[in-house]
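Per-entry structural report
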Amino acid sequence: MSKKPTVQPALHKVIMVGSGGVGKSALTLQFMYDEFVEDYEPTKADSYRKKILLDGEDVQIDILDTAGQEDYAAIRDNYFRSGEGFLCIFSITEDESFQATQEFREQILRVKNDENIPFLLVGNKCDLEDKRKVSFQEASDRAKQWGVTYVETSAKTREHVDKVFFDLMREIRARKMEENKTSNGKKKDTSKKKKLKCVIL
Amino acid sequence: MTPPPIVTGLSPNEGPPGTKITIRGENFGTKPTDLTGLKVCGCDCLLSAEWKSPNKIIAISGPGKGKGDIIVTTRLGGEGVCNVSFKGYYETVGSLKESAVWVEEAPYFGGKHSLSSSSYQQEDPLGLSVEGNDKKFPEDDLKELFPNSSGNIALENFSPGWFLLENHHVTSFNDLKAGLLHLRRKVEGQKEGQLSFLKSNISSVVDQLDTIGSMKDKFRCDLTEYGNEPTLKLDKSIKECERDARKLFDDVLTRRDRAEKTRNALNVLARFRFLFCLPCVIERNIKKGDYEIVINDYMRVKNLFNKSDVAVFKTALNEIEKKVAGLQKMLHQKLVQMPISVEEQKRLIRHLVNLESPYEPAWDAIQSHSEYINLRMRHCYEEHKVAEAIFIEEISKAKGGSSTSKYSKFNQPPQDLSSIPENVLFIEDLCEIVSELFPDLWKLGQAYFTGDLHVKVEPGRQVGFKHIVLSIMEAFCKTLRSAIIPHTLDKSTDKATYGTWSTPDSDTIKPWLPACLRYVRSTYSILIKLDLPSEALDIVFKFILDLRIHCMSVLFKQASDQIEQLSKQETWKIEFTGKHNGVTELPIKFEQSVQEVIQIVRESVLLSEQREGSLLDNPTANKELDKQVDSLLSMFHKVLSNLSLKKDNDDDDECTTVVSQLIGTPTASYRTHNSKSQLPIWEHRLLTTLSNCQYTRLVVLKNLEEGFTKGGYPAPKVALDNCCSKLEALEKSVLELYLEEKSDPLVGTIEPSMYLERFDWDTQIKPTDVRPYVKECINNLIHVHSEVNSISPTLVNSVLPQVVQTISEEIYRLMVCVQKFSKAGILQARVDINTLQHFFQNYSTSKAKYYFKEALDTIPALETSEQLIIEEILKVCKKRMKLQILCLQQPITNGVLK
């Protein structure tokens, strides 16, 4: 309490993307509240934020759980703009949702204009092995192609749920540190630019 | 301390008013009632909040607008914090769209709307439907994108980009194209507007032109006809008209003015007449009793002429004032004249107040009322005192005359009993007076102080009134006390002031005490209903308490006396009830009278009525009760002991101790029954009392204890125990007395009988039977047995062994004293003692057995051959005395035989 004047813990903004019904909200709620919600209710846009311990460091995670439904596709750009990391989720029991990840990836890259944006491809519902439509290979191939990690999770059994969030946050943190370094010293920045120029030259 | 609630999750994070929000977080309390507050964007949404779990609440958003926190407040955790924010926004509402809140249907593109007033719904400039445009484009983003711009089409800084994003970001490209076309068409239409308007309305335009032309022609015509000023002629004729009209109506108007003047004069005259006639009118009305009319007239005249300086008026006014003063005096007299109803008094007070009387009518009325009550109380006392004096005189006369006239002596007592004592009548009357008059006084006082009488309450009157009320209560209670319980009046001065009665403590009043209590209580209940201050009520309350205690002790004393009388009522008629011994009616009567008094006291005294504490909470009452119960129970003990221990002198003379039947004359051996009294013999009475004692101790006392507890009394344990032990002691002494009475003569006869006819143990006569003294002894014992058994079979066991023991002792003593036994004497002695042993074996205590054995041992031993002879004799003897053996068998068999 007395340490209030100290800097607020770093805030990492995570955005859950993916088609409707793949389990974005389920993953979020499982991560946030250890709770598995059975009944399906389409999300419009939900916000969650909580303090967690990431590798011994207090951080705040802000999760924006977005709508998967096409109806809301038009406003996604706005959301994506504020995100610092993305969990792109599909259901391994539904090929269509896997195909849709392509579209989401493109949209994110377009909005963020950054190839290295922290991004994880997540195949959810891995507890339903018998209904699997998307093979692990297929998914990890795509991930490799994008240069991102692929993780299979189950919101129901909580398998890898923490992992995906923590992994993503680590990526975000690493990236922020990098940015800080670059912006910290302007000299460095300029020198880098010069360097770049030199290279081009 | 419970940590404050924290909101960490919202679903959804934005929405229009009425959105159902799932709020997640921590420390939302452990039960629904823990949730004490919920604010969404500053709007209180607690009403719609639904507590689901310690980390989930579902609520409906209110009309908050813009980004804001969701603050949860819990009972223990206080106001919480919020990590996430909710954004409320208002939707464009069409006629078909549901909305949770009132949304203005104001057009958001200004003036344009008024043109398209034909359309109910605001029109999109692109001619496209805005319906279904659910998803609003974030306003913040728009502001960011288009700084210093607005989406309002009517504003100067209108930005088409903003407008399109705000209203059409979901519109398809094709629709937008169509919209553009529509817009273009509209613009075209506006450009060529004027010309097309003229074209379409050509005929009406031509009509208008024609009309204007004809109007111009007409005007020109008029000009030539009437010159340049066409209104001159008109003006002239109007003036003419006015003049004529004046001529016509002047006459009427003056007449009207005159009439008005006359009327005014008449009014004034009437007023004067009213003034001058008023004294007469007032007098007449006073006679008729129409005071209200008088008051009205008086007010009126005062209003009209009070300020007048005219001498005539003044004298008239003076006269009126005089009359009114007289009326005031009369009314005041009426007011203080008692008796009078409160309503009447109130009316009079109102009149007096209206007449601006110099008196203080309300207060005077109160005072006169209180005086009246006091007076009535005093009168009542005097009346009854006189009646009492007459009564006493009569009694004394009757007493004086009793010696001369037998008639009056017989006539007096019943009259004495039936007539109610004068002080009881007095109490009844006094209670009636107070319950009748006091409420009026109190009502009057209340009306006075609450302002119902429209009188200004003088300072200090409140205290004065309280004093009056208290003093009346005091006088009432003290007078009552002096009449029935004068011992509670501590000061002798009080006794003098509140009167003394000659009979308060005499027995005549006692039966009337409950009735007195009833009277006082009914008055008390009336007083309680009046809502008197507790100070005043307490006076009566205390009196009632004292009266109750007194009444209780008197009732108990009465019962006690009644029980004392029981000793005279003892009939000695034995009744057998159930498993108990024979008892007389005495204990039953005792129980009855105690139960009766319990019942009466409970009904009349103990049961507390309105605003009366339980009597038994009062320590003095409790002590008194204990004392009375104790004396009540002791009284019975006294009765019993009197009955049993008192030997009648007659009896003593008649009954000498039993003399041996063998010696004495047969007539002397029987106790001649006293022919004068039908009392049973004393021994019987002893036994009966013993049995009564037992019955009382074992049955009646238990019943009484039950009766006491049932009646709501505290169980009088001490008194009961006391009585019990007393009875036990009595039993013991009675038993001893009886034993003494019985065994002394019985034992006393043995020796003379033994040596009757100069018998000597050194005899040579061979024994053939037991000696007569043995038979006599046995018969005597049987006699005792039968006597005891006839009254109380259970007593047999405690009486007989004692007797047998004394017999055995005597036998032993006699045997020791024998100097010499002959052979035959030895035989005889052995036969005798063996017989006794055999007959008394059922009632022999170990001590008795021991004495018998010792007696045998003192007799010289026998040879075995002689033993046979003894047995032979015994056998014969037993056979002969079979009946006697049967008599002395176990008491149980006796009981059955009976």
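Residues numbered from 1 in each chain as written. Chains lettered and ligands numbered in written order. Predicted model: local features only at pLDDT ≥ 70, side-chain atom pairs only at ≥ 80, totals over all residues. Heavy atoms only, no water.

This part covers the overall build of chain B. Across its full length, chain B carries 30 helices and 13 strands. Here chain B, with 898 residues, has 43% of them falling under the buried criterion. Only carbon and sulfur atoms are counted for the fraction: they give 55% of the accessible area of chain B, which is about 50400 Å². (Helix = DSSP H or I, 4+ residues; strand = E, 2+ residues; numbered from the N terminus. Buried < 20%, exposed > 50% of the residue type's maximum accessible area, 1.4 Å probe, protein only. Areas by Shrake-Rupley, 256 points an atom, 1.4 Å probe, with all protein chains shown as cover.)

A few words now on the interface of chain A and chain B. Every contact between the two is made by 19 residues of chain A and, on the other side, 18 residues of chain B. Each partner contributes to the roughly 1500 Å² buried at the junction of chain A and chain B, and carbon and sulfur atoms together form 49% of this total. With a shortest N-O distance of 2.8 Å, E35 of chain A and R24 of chain B are connected by a salt bridge. There are nine residue pairs in polar contact (both at pLDDT 80 or more) connecting chain A and chain B. For the side of chain A that touches chain B, the secondary-structure elements that each account for two or more residues are α1 (24-33), β2 (45-54), β3 (57-66) and α2 (76-82) of chain A. Element by element, the count of residues in the side of chain A that touches chain B is highest for β2 of chain A, at six residues. (Contact = heavy atoms within 4.5 Å. Buried area = accessible area lost by both parts, 1.4 Å probe. Salt bridge = Lys/Arg side-chain N within 4 Å of Asp/Glu carboxyl O. Polar contact = N/O pair within 3.5 Å; in protein donor to acceptor, adjacent residues only side chain to side chain.)

As a further point, take the pattern of salt bridges. Applying the stated rule across the entire model yields 24 salt bridges over all chains. Across the salt bridge formed by K163 of chain A and D167 of chain A, the nearest N and O atoms sit 3.2 Å from each other. Of this pair, K163 of chain A and D167 of chain A both sit in helix α5 (residues 161-184), four residues apart, which is roughly one turn of that helix. With relative accessibility at 38%, the residue K163 of chain A sits in the partly exposed group. Notably, a salt bridge pairs D235 of chain B with K239 of chain B, separated by 3.8 Å at the nearest N-O pair. Of this pair, D235 of chain B and K239 of chain B both sit in helix α7 (residues 232-288), separated by four residues, roughly a single helical turn. Put simply, D55, E57, K163, D167, R170 and R173 of chain A are held in one network by salt bridges that share partners.

Here we come to the nonpolar core. By size, the foremost hydrophobic cluster in this structure holds 174 residues, and its most contacted members are F438, I807, M815 and F840 of chain B. Apart from residues no more than four positions distant in its own chain, I807 of chain B is found in contact with L746, V747, I750, C777, L781 and F840 of chain B. Within the second largest apolar cluster, 28 residues are counted, among which are L29, F31, L54 and L87 of chain A. (Core = buried A, V, L, I, M, F, W, Y, C linked by side-chain atoms within 4.5 Å.)

With that settled, the discussion passes to a negative patch on the surface. Residue and element names in this part refer to chain A. Among the surface-exposed residues, E94, D95, E96, E138 and D141 lie close enough to one another that they form a single negatively charged patch. Listing elements by their share of the negative patch, those giving two or more residues are α3 (95-112) and α4 (136-146). With respect to the secondary-structure elements, D141 resides in helix α4. (Patch = residues over 30% accessible without salt bridge, like charges linked within 9 Å, V, L, I, M, F, W, Y side chains within 5 Å. Lys, Arg positive; Asp, Glu negative; His and termini not counted. Charge placed at Lys NZ, Arg CZ, Asp CG, Glu CD.)

Here the focus is a nonpolar patch on the surface. On the surface, L248, F249, V252 and L253 of chain B cluster together into a nonpolar patch covering about 410 Å² of accessible area. Locating L248 of chain B in the fold gives a position in helix α7.

With glycine set apart, most residues show a phi of negative sign, and most peptide bonds adopt trans. A cis amide bond links S11 of chain B with the next residue in sequence, P12 of chain B, at an omega value of -5 degrees. With a phi close to 50 degrees, D55 of chain A is a non-glycine residue in the positive phi region. For D55 of chain A, the location among the structural elements is in the loop between β2 and β3.

Here we take up the environment of K56 of chain B. Within the fold, K56 of chain B resides in strand β7 (residues 56-60). Through-space distance from the C-alpha of K56 of chain B to that of F28 of chain B is 7.3 Å; in sequence the pair is 28 residues apart. Setting aside residues up to four positions removed in sequence, K56 of chain B forms contacts with E35 of chain A together with T22, I23, R24, F28, E50 and W51 of chain B.

As a further point, take the packing of helix α23 (residues 717-754) of chain B against helix α25 (residues 796-817) of chain B. All names here are of chain B. At a minimum axis distance of 9 Å, the contact between α23 and α25 shows a crossing angle of 30 degrees. Taken together, the axes of α23 and α25 are roughly parallel relative to one another. Considering only the axes of α23 and α25, their crossing is right-handed. Residues L735, Y738, L739, S743, L746, V747, I750, E751 and M754 of α23 form the contact with α25, whose participating residues are V799, Q802, V803, T806, I807, E810, I811, R813, L814 and M815. (Axes fitted to C-alpha atoms, helices over the stretch in contact; angles between N-to-C directions. Parallel < 35°, antiparallel > 145°, perpendicular 65-115°, else oblique. Left-handed = near helix turned anticlockwise from the far one by under 90°.)

This part takes up helix α26 (residues 823-840) of chain B. Count 3.6 residues to each turn of an α-helix, and residues three or four apart come out pointing the same way. Its 18 residues give α26 of chain B an end-to-end C-alpha distance of 26 Å, which sits within 8% of 26 Å, the value for a rise of 1.5 Å per residue. Within α26 of chain B, 15 of the 18 residues are buried, which leaves the element mostly enclosed by the surrounding structure. (Expected span 1.5 Å × (residues − 1).)

What follows deals with the packing of helix α24 (residues 772-791) of chain B against α26 of chain B. Residues and elements named next belong to chain B. Contact geometry for α24 and α26: axes closest at 10 Å, N-to-C directions at 15 degrees. Here α24 is positioned roughly parallel relative to α26, judged by the angle of their axes. In this structure, α24 crosses over α26, and the sense of that crossing is right-handed. Side by side, α24 and α26 meet where Y773, V774, C777, I778 and L781 of the first sit next to D832, T835, L836, F839 and F840 of the second. In terms of residue class, the contact of α24 with α26 is made up of eight nonpolar, one polar and one charged. (Nonpolar A, V, L, I, M, F, W, Y, C, P; charged D, E, K, R; others polar.)

Moving on: the pairing of β2 of chain A. Note on strand geometry: in a regular strand, side chains alternate between the two faces of the sheet. All names here are of chain A. Taken across its 10 residues, β2 has eight buried, putting it largely inside the fold. Pairing of β2 with β3 involves 10 bridges; the strand directions are antiparallel. Bridge pairing in β3 places D46 opposite D65. Hairpin connection from β2 to β3: two residues lie between these consecutive antiparallel strands, with D55 at a positive phi of about 50 degrees. (Pairing = 2+ DSSP bridges.)

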